[in-house]
Amino acid sequence: MKELIANLIHTALDSLKAAGTLPVELDVQAQVDATRDKTHGDFASNIAMVLSKQARRNPRELAQAIIAALPADAAITKVEIAGPGFINFFVSSASTAEVIPSIIAAGSAFGLSQLGKGEKVQVEFVSANPTGPLHVGHGRGAAYGATLSNLMAAVGYDIQREYYVNDAGRQMNILAASVWLRYLELCGEEFTFPSNGYKGDYIRDYAAELLQRVEQAYRHPATTVFDGVPADEPAGGDKEIHIDALIDKARDLLGEDAYEVVFQLGLTRILDDIRDDLGEFGVTFNEWFSERSLTENVERAIQTLIDNGHIYEQEGALWFRSTTFGDDKDRVVKRDNGQTTYFASDIAYLQNKFERGFDRVIYVWGADHHGYIPRMKAACEALGFDPERIQIRLVQFAILYRGGERVQMSTRSGSFVTLRELRDEVGNDAARFFYVSRKAEQHMDFDLDLAKSESKDNPVYYIQYAHARICTLLQKVAAEETAFDQARGLNNLSLLEQEAEKDLMQKLARYPEALENAAVNGDPHILAHYLRELAGDFHTYYNAHRMLLEDVNLRDARLVLSQAVRQVVANGLSLLGVSAPESM
RNA sequence: GCGCUUGUAGCUCAAUCGGAUAGAGCAUCGGCCUUCUAAGCCGAGGGUUGCAGGUUCGAGUCCUGCCAGGCGCGCCA
């Protein structure tokens, strides 16, 4: 409909140009928007105001001229000038109703488009360090990334979902050491567990598994293990130095092979757990990409930067001159001790992504990482790629509230709420919906009581309830003497003359647009809000008018409208990863 | 200190590339169940869009300054 109106306007402009009313060189894309206010018709264009300066005529006068030149069309019943020079279009109810047969015909495919033209886009998200269970902060990134991927796939992008497994860093060695130390405790050794080790109960589980598998083979006396290890922080030392020394000890005493067994056990168990957790949350990946697999790529990436002239040496280290591309300061990629930095891995990973043929790569990061954007963009450009091909979406943490009180979380005491706990408490549907119901880069307050409540206050239930109500209706009518006949409904759409019916049809017609906006802007909340509004319109309609009437023509027309609503609600919820129950 | 970011109704949030009288929900108050699910509906009140300038036909939206909150500024990962 928008396109139709835009075409009509362009035709009018062309004829005005031909008549000499407008300069021929004028070239503007007509903007047509759905109106917010019904008294402004169904669609409005600001074309007259935009052109008024170039055309040297006042907007209302110009609007009048455009309207006069507008070709007639059966779909448009009335055109008006309003306000400072808006042209308002009123659409015939017959043409408004056309959305219903198209929804029924398209079914679950309604709203899909080819906007993305098959562009290959990778979305990398979550990518939490595999050192423990996911917490609620990761949950928002997971929900956002998964939904963004769904939305983009729905509008025609070729999406690849990826999790970057940080299995190469120091944190992983701390994890391995923690597992081994817990194992030693189970063997009967006595010592003080390092303050910087991982203290979660899951570590004890892995240790128990290790004990079962290797029995006493990896046991060493605590005195040997702690011999020569600098004091821990509570004992007046440095916790970082302490844990690093213990890691070295573990490697020494176990040897690389056994150390690797411990390391892999911890890594594998945690990844399995994360995979299960996310799977239950409806979040899946095409690829779990290991940082360790990148080792050769890192040297090659650095070489690429050297070849491109963006690396210099200073004080024994290799520096990437990222300031060339607008970063605050230059960054080290290889330390004076020969080790490459984490950032160097990121550069290698980026190069690897483009080598795999992605046209565009999207990173979903916690908002606390925003300081890394300039250097990643710089790296992209220095590698020789257009920096527009990487996009970084920031997701803010959610603050949980229970009983009106903020739920305290601190990583230090290990008292963070896990994603699994959240899912157990409020359910997957509520968690998925709540996470994406706010703009991603916005702080959000997550009200646990609201997410659990079974009332209209809870937008998830509100939307699902609309779906369930319609399913129940359709079930009920199946028991009537005269069965529901979809074709009869479609043939009698002209009977839908109520205001609420027109509102509903117009809302339905806007679904593809809401979906596209949400996908292109990376704003799933647009779809969430749309569904809330659609459900609201349906509840209003349902309360104001009866469906199961004697007059089967009207009855089936209303039911087919309801069916269309049900379909769109189901399609939208599915993209959000929320179920659409048939009864509640 | 420098940089990024946010500031909209009592609360949580919207506002389609800069468009018309800034909208929902919650909370408050008042109505609606012998009829398809009241997990619902209808109505009322509630605003100097942090403050001050600027850009223009038009600014919550863009620019500048200030105020307030959040985050980031390692040869850490």
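Residues numbered from 1 in each chain as written. Chains lettered and ligands numbered in written order. Predicted model: local features only at pLDDT ≥ 70, side-chain atom pairs only at ≥ 80, totals over all residues. Heavy atoms only, no water.

- Under an unreviewed UniProt entry, the name given to chain A is Arginine--tRNA ligase, and the source organism is Pokkaliibacter plantistimulans.
- You can read under Sequence similarities (unreviewed entry) in the UniProt record for chain A the words "Belongs to the class-I aminoacyl-tRNA synthetase family."
- Recorded under Subunit (unreviewed entry), the UniProt text for chain A is reproduced unchanged: "Monomer." (UniProt positions renumbered as here; feature names shortened; annotations may be inferred.)

1. Concerning unusual backbone geometry
Okay, so step 1: Phi is positive for Lys117, which is not a glycine, with a value near 50 degrees.
Okay, so step 2: Along the chain, Lys117 falls in the loop between α5 (99–106) and β5 (120–124).
Okay, so step 3: Unlike most non-glycine residues, Val126 shows phi in positive territory, near 65 degrees. (Helix = DSSP H or I, 4+ residues; strand = E, 2+ residues; numbered from the N terminus.)

2. Structural notes on the UniProt feature "short sequence motif: 'HIGH' region" (unreviewed entry) in chain A
Okay, so step 1: Here the UniProt feature "short sequence motif: 'HIGH' region" (unreviewed entry) sits at residues 128–138.
Okay, so step 2: The span residues 128–138 is 27% helix and 0% strand, and its two end C-alpha atoms sit 7 Å from each other.

3. Concerning the environment of Ala63
Okay, so step 1: Among the secondary structure elements, Ala63 is positioned in helix α3 (residues 59–69).
Okay, so step 2: Residues Ala63 and Arg432, spaced 369 residues apart in sequence, show a C-alpha to C-alpha distance of 46 Å.
Okay, so step 3: Apart from the residues within four sequence positions on either side, Ala63 is in contact with Ala48, Ile81, Gly85 and Ile87. (Contact = heavy atoms within 4.5 Å.)

4. Details of the pattern of salt bridges
Okay, so step 1: Under the defined criterion, the tally for this structure stands at 33 salt bridges.
Okay, so step 2: A salt bridge links Arg170 to Asp244, with the nearest nitrogen and oxygen atoms 2.8 Å apart. Residue Arg170 is found in helix α7 (residues 170–187), and its partner Asp244 is found in helix α10 (residues 239–280); the two are separated by 74 residues along the sequence.
Okay, so step 3: Taking relative accessible area as the criterion, Asp244 reaches 29% and is therefore assigned partly exposed.
Okay, so step 4: Of the charged contacts in the structure, one is a salt bridge between Arg292 and Glu260, with a shortest N-O distance of 2.9 Å. On the criterion of sequence distance, the pair formed by Arg292 in the loop between β7 (287–290) and α11 (295–307) and Glu260 in helix α10 is long-range, its members being 32 residues apart.
Okay, so step 5: A relative accessible area of 26% places Glu260 in the partly exposed class.
Okay, so step 6: Three or more residues joined by partner-sharing salt bridges are found here, namely Glu209, Arg213, Arg269, Asp272 and Arg275. (Salt bridge = Lys/Arg side-chain N within 4 Å of Asp/Glu carboxyl O. Buried < 20%, exposed > 50% of the residue type's maximum accessible area, 1.4 Å probe, protein only.)

5. What to know about the packing of aromatic side chains
Okay, so step 1: By the definition in use, this model includes 22 aromatic pairs.
Okay, so step 2: Ring geometry for Phe191 versus Phe226: centroids 5.2 Å apart, planes at 35 degrees, classification tilted. Remark: Phe226 occurs in helix α9 (residues 222–226) and Phe191 occurs in the loop between α7 and α8 (201–214); sequence separation between them is 35 residues.
Okay, so step 3: Assessed through its relative accessible area of 19%, Phe191 is described here as buried.
Okay, so step 4: Between Tyr312 and Trp319, the aromatic rings sit 6.3 Å apart at their centres with planes inclined by 10 degrees, giving stacked as the arrangement.
Okay, so step 5: Grouping aromatic residues by their ring pairs yields a cluster made of Phe125, Tyr163, Phe285 and Trp288.
Okay, so step 6: The ring of Tyr372 carries the charged tip of Arg375 above its face, separated from the ring centre by 4.1 Å. (Phe/Tyr/Trp six-rings, centres within 6.5 Å; stacked < 30°, edge-to-face > 60°. Lys NZ or Arg CZ within 6 Å of the ring centre and 35° of its normal.)

6. Some remarks on the domain arrangement of chain A
Okay, so step 1: For chain A, the domain assignment lists domain 1 (2–91), domain 2 (170–274) and domain 3 (457–575).
Okay, so step 2: Computed from C-alpha coordinates alone, the two centres of domain 1 and domain 2 are separated by 73 Å. (Domains from an automatic or database assignment.)

7. As for helix α14 (residues 419–426)
Okay, so step 1: Considered for burial, the residues of α14 that qualify are Leu419, Leu422, Arg423 and Val426. Buried positions in α14, seen along its axis, are confined to an arc of 100 degrees and lie on one side of it.
Okay, so step 2: At the exit of α14 stands Gly427, carrying a positive phi of roughly 90 degrees. (Arc of directions from axis to C-beta.)

8. Some remarks on the sheet that holds strand β14 (residues 405–406)
Okay, so step 1: Read from one edge of the open sheet, three strands run β14-β13-β15, paired in mixed fashion. Edge positions in the sheet fall to β14 and β15 (444–447), since each of these pairs with one other strand and no more.
Okay, so step 2: Sheet topology places strand β13 (residues 398–402) next to β15; four bridges connect them, and they run parallel. The partner of Tyr401 across the bridge, within β15, is Asp447.
Okay, so step 3: Where helix α15 (residues 428–436) meets the sheet, its contacts fall on β13 and β15, and the angle it forms with β15 comes to roughly 160 degrees. (Pairing = 2+ DSSP bridges. Axes fitted to C-alpha atoms, helices over the stretch in contact; angles between N-to-C directions.)

9. A few points about the nonpolar core
As a rule of thumb, soluble globular proteins bury nonpolar side chains together.
Okay, so step 1: Ranked by size, the top nonpolar core spans 130 residues in total, and within it Trp180, Leu278, Leu422 and Phe446 carry the most contacts.
Okay, so step 2: Among the elements that take part in this core, α10 stands out by supplying 16 residues, more than any other.
Okay, so step 3: Of the residues that make up this core, three or more belong to each of domain 2 (170–274) and domain 3 (457–575).
Okay, so step 4: With sequence-adjacent residues up to four places away left out, Phe446 is seen in contact with Ala398, Ile399, Leu400, Tyr401, Leu422, Ala431, Phe434, Tyr435 and Ala451.
Okay, so step 5: Among the nonpolar cores identified, the runner-up in size contains 31 residues, and Leu305, Phe343, Ala344 and Ile347 belong to it. (Core = buried A, V, L, I, M, F, W, Y, C linked by side-chain atoms within 4.5 Å.)

10. Quick word on the sheet that holds strand β2 (residues 43–45)
Okay, so step 1: Here four strands make up an open sheet; going across it, the order is β1-β2-β4-β3 and the pairing antiparallel. Two strands close off the open sheet at either side, each with one partner strand: β1 (32–34) and β3 (76–82). Recorded for the sheet is a direction-independent mean angle of 25 degrees between the axes of neighbouring strands.
Okay, so step 2: Lying over the sheet, helix α1 (residues 2–18) contacts β1, β2, β3 and β4 (86–91), oriented at roughly 145 degrees with respect to β1.

11. Brief notes about the environment of Asp232
Okay, so step 1: Tracing the backbone shows Asp232 in the loop between α9 and α10.
Okay, so step 2: Along the backbone, Asp232 and Ile347 are 115 residues apart, and their C-alpha atoms lie at a distance of 35 Å.
Okay, so step 3: Setting aside chain neighbours within four positions, we find Asp232 in contact with Phe193, Pro194, Ser195, Gly237, Asp238, Lys239 and His242.

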